[in-house]
Amino acid sequence: MLHLSKPIIGKEEIKNVTAVLKSGVIAQGQTVRNLETKFARYCNTKYAIAFNSGTAALHSGLYALGIKKGDEVITSPFTFIATANVILMMGARPVFADIRKEDFNLNPEKVAEKITSKTKAIIPVDLYGQTYDYDGLKSVIGKKNIPILEDACQAVGAKYKSKKAGQLGDAAAFSLYATKNITSGEGGILTTDNIKIMNKAKMFRHHGQSEKKRYEYLDLGYNYRLTNILAAIGLAQLNKISTINRLRIKNALYLIKNLEGIPGLILPVIGKNNTHVFHQFTIRIDDKFVSNREKFIKYLKNNGIDSGIYYPKPIHLAYHLKFLNYKIGDFPVSENMAKEVLSLPVHPLLTKRQLDYIINKIKAYVN
Ligand SMILES: *Cc1c(COP(=O)(O)O)cnc(C)c1O
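Residues numbered from 1 in each chain as written. Predicted model: local features only at pLDDT ≥ 70, side-chain atom pairs only at ≥ 80, totals over all residues. Heavy atoms only, no water.

**What about the pairing of strand β13 (residues 341-344)?**
Part 1 of the argument: The side-chain alternation of β13 yields two buried faces, one formed by V341 and S343 and the other by L342 and L344.
Part 2 of the argument: The pairing of strand β12 (residues 281-285) with β13 spans 4 bridges and is classified as antiparallel. From the neighbouring strand, I283 faces β13, where its bridge partner is L342. (Buried < 20%, exposed > 50% of the residue type's maximum accessible area, 1.4 Å probe, protein only. Helix = DSSP H or I, 4+ residues; strand = E, 2+ residues; numbered from the N terminus. Pairing = 2+ DSSP bridges.)

**A word on the nonpolar core**
Part 1 of the argument: By size, the foremost hydrophobic cluster in this structure holds 27 residues, and its most contacted members are F51, L62, I67, V73, I123, L149 and L190.
Part 2 of the argument: Where this core is concerned, the elements lending two or more residues are β1 (47-51), α3 (54-64), α4 (82-89), β4 (119-123), β8 (171-175) and α7 (195-205).
Part 3 of the argument: With 6 residues, the top contributor of residues to this core is α3.
Part 4 of the argument: When neighbours within four sequence positions are excluded, L190 is seen to be in contact with Y47, A48, I49, F51, A57, G61, L149, A171, A172, A173, I197 and A201.
Part 5 of the argument: In terms of nonpolar packing, the next biggest core, distinct from the first, is built from 26 residues, I283, Y299, L300 and L342 among them. (Core = buried A, V, L, I, M, F, W, Y, C linked by side-chain atoms within 4.5 Å. Contact = heavy atoms within 4.5 Å.)

**Brief notes about the site of the ligand**
Part 1 of the argument: Close to the ligand lie 15 residues, the nearest being G54, T55, Q154, S175 and K180.
Part 2 of the argument: Take D151: an N or O atom from its side chain is 2.9 Å from a nitrogen atom of the ligand.
Part 3 of the argument: Contacts to the ligand include Q154, whose side-chain N or O atom sits 2.8 Å from an oxygen atom.
Part 4 of the argument: Protein chains shield 93% of the accessible area of the ligand, which is 380 Å² for the free molecule.
Part 5 of the argument: A total of 3 residues in the shell around the ligand trace back to one element, the largest contributor, which is α3.
Part 6 of the argument: Looking at side-chain class alone, the shell around the ligand contains 5 nonpolar, 8 polar and 2 charged residues. (Near = heavy atom within 4 Å. Polar contact = N/O pair within 3.5 Å; in protein donor to acceptor, adjacent residues only side chain to side chain. Areas by Shrake-Rupley, 256 points an atom, 1.4 Å probe, with all protein chains shown as cover. Nonpolar A, V, L, I, M, F, W, Y, C, P; charged D, E, K, R; others polar.)

Below is the structure:
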């Protein structure tokens, strides 16, 4: 089976973890701080704060931005559920704005329609490894005091013009989950240039404890700490990030070149301002394709090719968000993309032969 994702675990990961285990300091300590320093350097940000998940990093980011009960936070309905759940965790109200079908990311014009006096933050998502339209969103926000929390969970290493993912907002959250471009199994990172955001996020990570005085609690917080064991894996992965992303891009460009011109199969579009790191290689299957998407998925599976739908249901239609009174038809682009998208294997361990196999099987199906 050609899997959709495969972590690259080598000697360095094993060596780093062994060293931590032998050191006896396995909870949050120096290895976590080393990961933070390296990650901040990689993203060109002043600070990076490690968490035990991307969700924890997003939640802490919203806390650090001062989001309160009743505030409105605008985000995309076409993302992983965590993006909206962290808004609920703060007692705030998720307000959705539709996406663009070209890059599956927030449409700034649609965001503009949703801004009210209660809007206290926007969470744009860098879906599939391509950053959102930074200039577009900035111009819509204009002089209004609305901070951006970038959900960069899928986009480590991506770029918008000369800025890196992680720099495209007041703070940005990354995930180190097993399927992401680099991983520690579970883990997350928040990046920022703002010292106040950094301090508040660190406080939130450790039960609201004062950074200055132990056992002095200034606010409600959580246990969102990462362990040295996992940071050791993350450090080894960070050393490989350039190679990992280069191979993903290479594989994606090869697939694009060889799958061009198939009726009803719409290939990913790389924005003119973007460096796309292809966390997912996501095509669209529309009415002009030889079969429906489900039959195609079955055919791929029968031929040993894994594929995935990210995401089959836009978030505004999730059960626990019913109280927001969204309904089918509210976000037509997101709803349509949920019916059309299909992600194919693009991970760095795929050989040229395996890529050719995928291409040839798809061509055989169409002909
Ligand atoms: C993976 C992901 C998250 C959450 O990260 P976890 O580490 O799984 O908590 C949030 N948003 C998006 C877009 C993601 O892909």
